[in-house]
Amino acid sequence: GRCHVSASFKWLGVSLMFAMILASRAALPRWIVCALYVCRTGCANATSPLTRSILMDNVPKHERGKWASLESLNMFSWSGSAALGGVLAGVLGMLPLFAITATLQLCGTIPLVLLFDK
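Residues numbered from 1 in each chain as written. Predicted model: local features only at pLDDT ≥ 70, side-chain atom pairs only at ≥ 80, totals over all residues. Heavy atoms only, no water.

Some thoughts on the pattern of salt bridges
The line we're drawing: Here, a salt bridge means any Lys or Arg side-chain nitrogen found within 4 Å of an Asp or Glu carboxyl oxygen. Secondary structure counts use DSSP, requiring at least four H or I residues in a row for a helix and at least two E residues in a row for a strand, with both numbered from the N terminus. Burial classes follow relative accessibility: with a 1.4 Å probe on protein chains only, a residue under 20% of its type's maximum area counts as buried, one over 50% as exposed, and anything between as partly exposed.
For the structure on display, the rule yields two salt bridges. Across the pair Asp57 and Arg2 runs a salt bridge, and its minimum N-O distance is 2.7 Å. Linking Asp57 in helix H3 (residues 48-57) with Arg2 in helix H1 (residues 2-25), this pair joins segments that are 55 residues apart in sequence. We classify Asp57 as partly exposed; its relative accessible area is 46%.

In structure tokens form, the structure reads like this:
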């Protein structure tokens, strides 16, 4: 169902992120890394409407407004995480930061996996 599709796309996005890291470390042409990035971003972001519908189907109707506003707040937090990512990239470097991001994104699919049977 929807959870399977959403989790699959997110896992594909994580896999492509790790592929970006490996391609960069292997000094493959920059266009390959860019192509992996575009595909990764597409896979990671393609599931937003699907996960929103899953969320709305799994909360009581009278609480949907609250959850929709929390989801909007989550989208707003991306700007703060970008600033933090810039600082961390200067300290850790880009490739370790990509690995941390991919790992966190993989952990973020756990709630979807828990909904597989519903």
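Following the structure, the description resumes.
Re the environment of Phe116
To be explicit about the condition: Contacts are residue-level and defined by heavy atoms, with any inter-residue pair within 4.5 Å sufficient.
By the secondary structure assignment, Phe116 is in the segment after helix H6 (110-114). A relative accessible area of 24% places Phe116 in the partly exposed class. Through-space distance from the C-alpha of Phe116 to that of His4 is 6.6 Å; in sequence the pair is 112 residues apart. Excluding residues that lie within four positions of it along the chain, Phe116 makes contacts with Cys3, His4, Ala7 and Trp11.

As for the state of the cysteines
Stated formally: Any cysteine sulfur atom paired with another within 2.5 Å is treated as part of a disulfide.
Tallied over the entire structure, the rule returns zero disulfides. You can see Cys39 has no disulfide; the closest cysteine sulfur is in Cys43, sitting 6.7 Å from it. In this structure Cys39 comes out as partly exposed when scored by relative accessible area, which is 44%.

Considering the environment of Ala89
Mapping Ala89 onto the fold places it in helix H4 (residues 64-92). Spatially, the C-alpha atoms of Ala89 and Trp11 are 23 Å apart, while their sequence positions differ by 78 residues. In this structure, Ala89 is in contact with Met94 and Leu97, ignoring residues within four places of it in sequence.

Observations concerning the nonpolar core
Short version of the rule: Nonpolar cores are built from buried Ala, Val, Leu, Ile, Met, Phe, Trp, Tyr and Cys residues. Side-chain atoms within 4.5 Å join them into one set.
By size, the foremost hydrophobic cluster in this structure holds nine residues: Val14, Leu16, Met17, Met20, Ala23, Val33, Leu36, Cys43 and Ala102. Those elements giving two or more residues to this core turn out to be H1 and helix H2 (30-45). Per element, the largest residue contribution to this core is five residues, and it comes from H1. Among the nonpolar cores identified, the runner-up in size contains five residues, and Cys3, Ala7, Ile54 and Leu112 belong to it.

Here's the deal with the packing of H1 against H3
Note the threshold: To obtain each axis, a line is fitted to C-alpha atoms, and for helices this fit is confined to the stretch in contact; angles are then taken between N-to-C directions over 0 to 180 degrees. Roughly parallel covers angles under 35 degrees, roughly antiparallel covers those over 145, roughly perpendicular covers 65 to 115, and oblique covers all other angles. By definition, turning the near helix anticlockwise from the far helix through less than a right angle yields a left-handed crossing, and turning it clockwise yields a right-handed one. Polar here means any residue outside two lists: the nonpolar Ala, Val, Leu, Ile, Met, Phe, Trp, Tyr, Cys and Pro, and the charged Asp, Glu, Lys and Arg; Gly therefore counts as polar.
Here H1 crosses H3 at 140°, and the two axes come no closer than 10 Å. By the angle class used here, H1 and H3 are oblique. Crossing hand, H1 versus H3: left-handed. Contacts from Arg2, Cys3, Val5, Ser6 and Lys10 of H1 reach H3 at Leu50, Thr51, Ser53, Ile54 and Asp57. Split by residue class, the contact of H1 with H3 holds four nonpolar, three polar and three charged.

Geometric values such as these leave the question of function open.
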